[in-house]
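One-letter residues, chain by chain:
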Amino acid sequence: MEKRYSAALVRLPGPNLAQGIGDSNAGQPDYELACEQHKQYCAALESCGLEVIKLSYDQRYPDGCFVEDTAVIVNGSAIVTNPGHPSRKGEIEEIAKVLGTKLSLHYIKAPGTLDGGDVLRVNNHFFIGLTDRTNVDGASQLTALLNELGATASTVDASGLLHLKSGVTCIDQDTVICVDQFSREKCFSHLRQIVVPREEAHAANCLSVNDTILAPADCPIAQAKLQRLGMRVVPLHLSEFRKLNGLFTCLSLLL
Ligand code: CIR
């Protein structure tokens, strides 16, 4: 039986979104369009039956809308992260305040660093990506907390990617969608794999919520593969967030 979500926590993009961490070659995000895309994303979550809790932006944190990186939700608890990029560390304060009203809180502490984008849950097992954002200490602290909370965990080398979930996300209890690099990873070999073509690499980050998959509208091959397996797909455009390396999972925390 898969987990059903009842709410999503999101944070609105701020007018200084373009100051977020990104690759200048990708171009600057257009704020108005980003707001419209965020609105569509929230509407899609609502169409999946979720209550969407919207936090306002904080100008100090241009990457603040990427809430996924600030916490890992597990079995009635929230593990508040210590984000790996210095400019993002303060984002956790507001998130912890809100999550603390609903869940019991635990923290990843320095020198451990961890971004939620590196944490992939498949059933009761958590794969933790080791990247420039998540270090071995952060991964060990998370593993210990997850074990206390009744879950298991293991690490995966995801160097070369921003986050583990930039290259692999969970579709259902038996299935992941991933880039070729992860289709060859032994740790995912027991799962059904939807491998995305190189030109649609960003479709490896889809958001599975209840019985629906939110997926990039500009990835027809990945969409067709998902639909062929009988999945309900809601295509969305998130081009402006992608300019900052933000994809589908990163814009929400599912509760
Ligand atoms: C960053 O570099 O931290 C942001 N510009 C993008 C974070 C995306 N987060 C995610 O995929 N979990």
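Bear in mind that the values here come from a model prediction, so they are computed numbers and not experimental data. (Residues numbered from 1 in each chain as written. Predicted model: local features only at pLDDT ≥ 70, side-chain atom pairs only at ≥ 80, totals over all residues. Heavy atoms only, no water.)

Chemist: What am I meant to see in the sheet that holds strand E15 (residues 253–254) here?
Modeler: The pairing of strands in a sheet comes from backbone hydrogen bonds and takes either a parallel or an antiparallel form. Across the sheet, which stays open at both edges, the three strands sit in the order E2-E1-E15 with mixed pairing between neighbours. Every interior strand has two partners, whereas the edge strands, strand E2 (51–55) and E15, have only one. In this sheet, E2 lies alongside strand E1 (residues 7–11) in parallel orientation, the contact comprising five bridges. The partner of Ala 7 across the bridge, within E2, is Glu 51. Here helix H2 (residues 92–99) sits on the sheet and contacts E1, E2 and E15; the angle it forms with E1, its principal contact strand, is near 155°. (Pairing = 2+ DSSP bridges. Helix = DSSP H or I, 4+ residues; strand = E, 2+ residues; numbered from the N terminus. Contact = heavy atoms within 4.5 Å. Axes fitted to C-alpha atoms, helices over the stretch in contact; angles between N-to-C directions.)

Chemist: What is the right way to read the site of the ligand from this model?
Modeler: The full set close to the ligand counts 13 residues, and Ile 21, Asp 63, Glu 68, Arg 133 and Leu 244 are the nearest of them. Measuring from a nitrogen atom of the ligand, one finds a side-chain N or O atom of Glu 68 at 2.8 Å. At 2.8 Å from an oxygen atom of the ligand is found a side-chain nitrogen or oxygen belonging to Arg 88. Relative to its free-state accessible area of 350 Å², the ligand is covered by the protein chains to the extent of 98%. In terms of residue class, the shell around the ligand is built from four nonpolar, four polar and five charged. (Near = heavy atom within 4 Å. Polar contact = N/O pair within 3.5 Å; in protein donor to acceptor, adjacent residues only side chain to side chain. Areas by Shrake-Rupley, 256 points an atom, 1.4 Å probe, with all protein chains shown as cover. Nonpolar A, V, L, I, M, F, W, Y, C, P; charged D, E, K, R; others polar.)

Chemist: What am I meant to see in the side chain of Arg 88 here?
Modeler: With respect to the helices, strands and loops of the structure, Arg 88 is situated in the loop between strand E4 (77–80) and H2. In contact with Arg 88, other than residues within four places in its own chain, are Ile 21, Asp 63, Phe 66, Asp 69, Pro 83 and Arg 133.

Chemist: Where do I start with the side chain of Asn 16 in this structure?
Modeler: Mapping Asn 16 onto the fold places it in the loop between E1 and helix H1 (31–47). Of note is the side chain of Asn 16, whose polar atom sits 2.8 Å from the backbone oxygen of Gln 59. Not counting the four nearest positions on each side in its chain, Asn 16 is found in contact with Gln 59 and Pro 62.

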